[in-house]
Amino acid sequence: MGEVDESFFQETEHRPKLSTIEAENIPLIDLSPVLTSDTSNTSLAITNLVAEIGDACRNWGFFQVINHGVPATCRENIEKASREFFLQPTEEKRKVSRDEDSPMGFYDTEHTKNVRDWKEVFDFVVENPTMLPASHEPGDMELKELVNKWPQFPTGFREACEEYARGIEKLSYKLLELIALSLGLSSKRLNSCFKDQTSSMRLNYYPVCPIHHLALGVGRHKDSGALTVLAQDDVGGLEVKRKTDGEWIQVKPTPDAYLINVGDIVQVWSNDRYESVEHRAVASSKKERFSIPFFFNPSHYVMVEPLEELTSEESPVKYKAYNWGKFNTTRNLSNFKKLNVENIQIYHFRIHDL
């Protein structure tokens, strides 16, 4: 990523907090009860699994899953393709760079000197093309297509990405159903929101950072979508802000596991029963790191608001409805242009006179 200038990282709010608690794991959940063909005691096992999911969403906002049904070869193929892509010369990667009109493709933080995130990324949408509002203006109904940019090299890159995306999509629907059950809803209650999904994937590459104490792989943030399913390598680096005391907790990588976090949309749907939690990734001075998040997001026309079944006189509606497509377009525009304004957040839709 070129010459390193320490002044590039001097803003205090972007420096990692030094009092991180090391290697403490968040809940690890076995999904085999919903994947096994053995019907003996299945009902009790699924009831216990749903309770585990609910506890993790309520107390952490994050959990890991094993025995998830995603073929190991799927993950191996995309991890190999990701490594081969990012380790190419920069000029080769920039042949598929993103731009304001097409936010899919390659991006590195050398392009924007006021960004403190130490990483390179490659983005693609799961449904190609994906429809989103062309403008963040409320009255503008025009739509635009998000179309993927695929590199010529490495060979088989696109196929590995698309195969993996379908495997994680299947897992995401299963998780969505378990979360719905944990909220006392029918398992399929939320599925229709994803008919024309706007889900996307990102390949992350965090090069070795010689001044890692002043940089972050990615800064503290909450995910604005419904669910995020993350594959991280054995280097680790992901940290979660613990709800009970605000401490940053390192997430120790578990072999073959996926890390799941509920996003802002689930927080709104659940009327704050489940909360989206801040997380970040730290840079390393010793070893490069790769990770792959899958952002499971609903259709652009979905109006996000607390679910009727989860509101009552005792638990009144806490958020005004907002259009997911407009919300997402506003976030993408702000992220690309790095506008000197506060990024749109769900608390802008919070009803304060409760």
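Residues numbered from 1 in each chain as written. Predicted model: local features only at pLDDT ≥ 70, side-chain atom pairs only at ≥ 80, totals over all residues. Heavy atoms only, no water.

Looking at an unreviewed UniProt entry, one finds the chain named Protein DMR6-LIKE OXYGENASE 2, with Nicotiana tabacum as its source organism. As its UniProt record puts it under Sequence similarities (unreviewed entry), the chain is described as follows: "Belongs to the iron/ascorbate-dependent oxidoreductase family." (UniProt positions renumbered as here; feature names shortened; annotations may be inferred.)

## Some thoughts on the overall build of the chain
Scanning the chain from terminus to terminus reveals six helices and 16 strands. In the chain, the share of contacts with a sequence separation of at least 24, taken over all contacts with a separation of at least 6, comes to 78%. As displayed, the chain has an accessible area near 16,500 Å², and 50% of this comes from carbon and sulfur atoms. (Helix = DSSP H or I, 4+ residues; strand = E, 2+ residues; numbered from the N terminus. Contact = heavy atoms within 4.5 Å. Areas by Shrake-Rupley, 256 points an atom, 1.4 Å probe, with all protein chains shown as cover.)

## What to know about helix 4 (residues 157-182)
Along its 26 residues, helix 4 runs 37 Å from first to last C-alpha, staying within 8% of the 38 Å computed at 1.5 Å per residue. Two residues or fewer past helix 4, G184 is found with a positive phi of approximately 85°. (Expected span 1.5 Å × (residues − 1).)

## What to know about the pattern of salt bridges
Scanning the model with the defined rule gives 22 salt bridges in all. The salt bridge involving R158 is made with E162; its shortest N-O contact spans 2.9 Å. With R158 and E162 both in helix 4 and four residues apart, the pair spans about one turn of that helix. Judged by relative accessible area, R158 falls into the partly exposed class, the value being 38%. Residue class for E162 comes out partly exposed when judged on its relative accessible area of 33%. Through salt bridges with shared partners, one network takes in E127, R166 and E169. (Salt bridge = Lys/Arg side-chain N within 4 Å of Asp/Glu carboxyl O. Buried < 20%, exposed > 50% of the residue type's maximum accessible area, 1.4 Å probe, protein only.)

## Digging into empty space enclosed by the protein
Under the definition given, this model contains one cavity of 30 Å³ or more. The volume enclosed by the largest cavity comes to roughly 60 Å³. Lining of the largest cavity is provided by Q64, R75, L230, A231, Q232, P253, T254, A257, Y258 and L259. At the level of elements, strand 9 (227-232) and strand 12 (258-262) are the ones that each hand at least two residues to the lining of the largest cavity. Looking at which element gives the most residues to the lining of the largest cavity, the answer is strand 9, with three residues. (1 Å grid on protein atoms, 1.4 Å probe; cavity = no way out; pocket = protein on both sides within 12 Å on 5 of 7 lines; lining within 4 Å. Points joined across faces, edges and corners; volume = space filled by probe spheres on them.)

## Let's talk about the nonpolar core
Grouped together as the largest cluster of nonpolar side chains are 69 residues, with contacts concentrated most on L31, F63, F122, L175, Y258 and W269. The greatest single-element share of this core, amounting to 12 residues, is contributed by helix 4. In terms of nonpolar packing, the next biggest core, distinct from the first, is built from 10 residues, W60, L238, I249 and V277 among them. (Core = buried A, V, L, I, M, F, W, Y, C linked by side-chain atoms within 4.5 Å.)

## Here's the deal with the sheet that holds strand 3 (residues 105-108)
Pairing in this open sheet of eight strands is mixed, and the strands run 1-2-12-9-14-7-4-3 from one edge to the other. The open sheet has two edge strands with one neighbour each: strand 1 (28-30) and strand 3. Looking at each pair of strands side by side, their axes are set apart by 25° on average, direction ignored. Where strand 7 (residues 200-206) meets strand 14 (residues 289-296), five bridges bridge the pair, whose relative direction is antiparallel. The residue bridging S200 from the neighbouring strand is F295, located in strand 14. (Pairing = 2+ DSSP bridges. Axes fitted to C-alpha atoms, helices over the stretch in contact; angles between N-to-C directions.)

## Digging into the environment of L178
Take L178: it is sitting in helix 4. Here L178 falls in the buried class, since its relative accessible area comes to 3%. Taking C-alpha positions, L178 is 8.2 Å from L49, a pair spaced 129 residues apart along the chain.

## Description of the packing of helix 2 (residues 72-86) against helix 4
Across the interface, helix 2 lies against helix 4 with an axial gap of 9 Å and an inter-helix angle of 140°. In terms of axis orientation, helix 2 runs oblique to helix 4. Crossing geometry of helix 2 relative to helix 4 is assigned as left-handed. For the pair helix 2 and helix 4, the contacting residues are C74, R75, N77, I78, A81 and F85 in the first and F157, A160, C161, E163 and Y164 in the second. In the contact of helix 2 with helix 4, the residues fall into eight nonpolar, one polar and two charged. (Parallel < 35°, antiparallel > 145°, perpendicular 65-115°, else oblique. Left-handed = near helix turned anticlockwise from the far one by under 90°. Nonpolar A, V, L, I, M, F, W, Y, C, P; charged D, E, K, R; others polar.)

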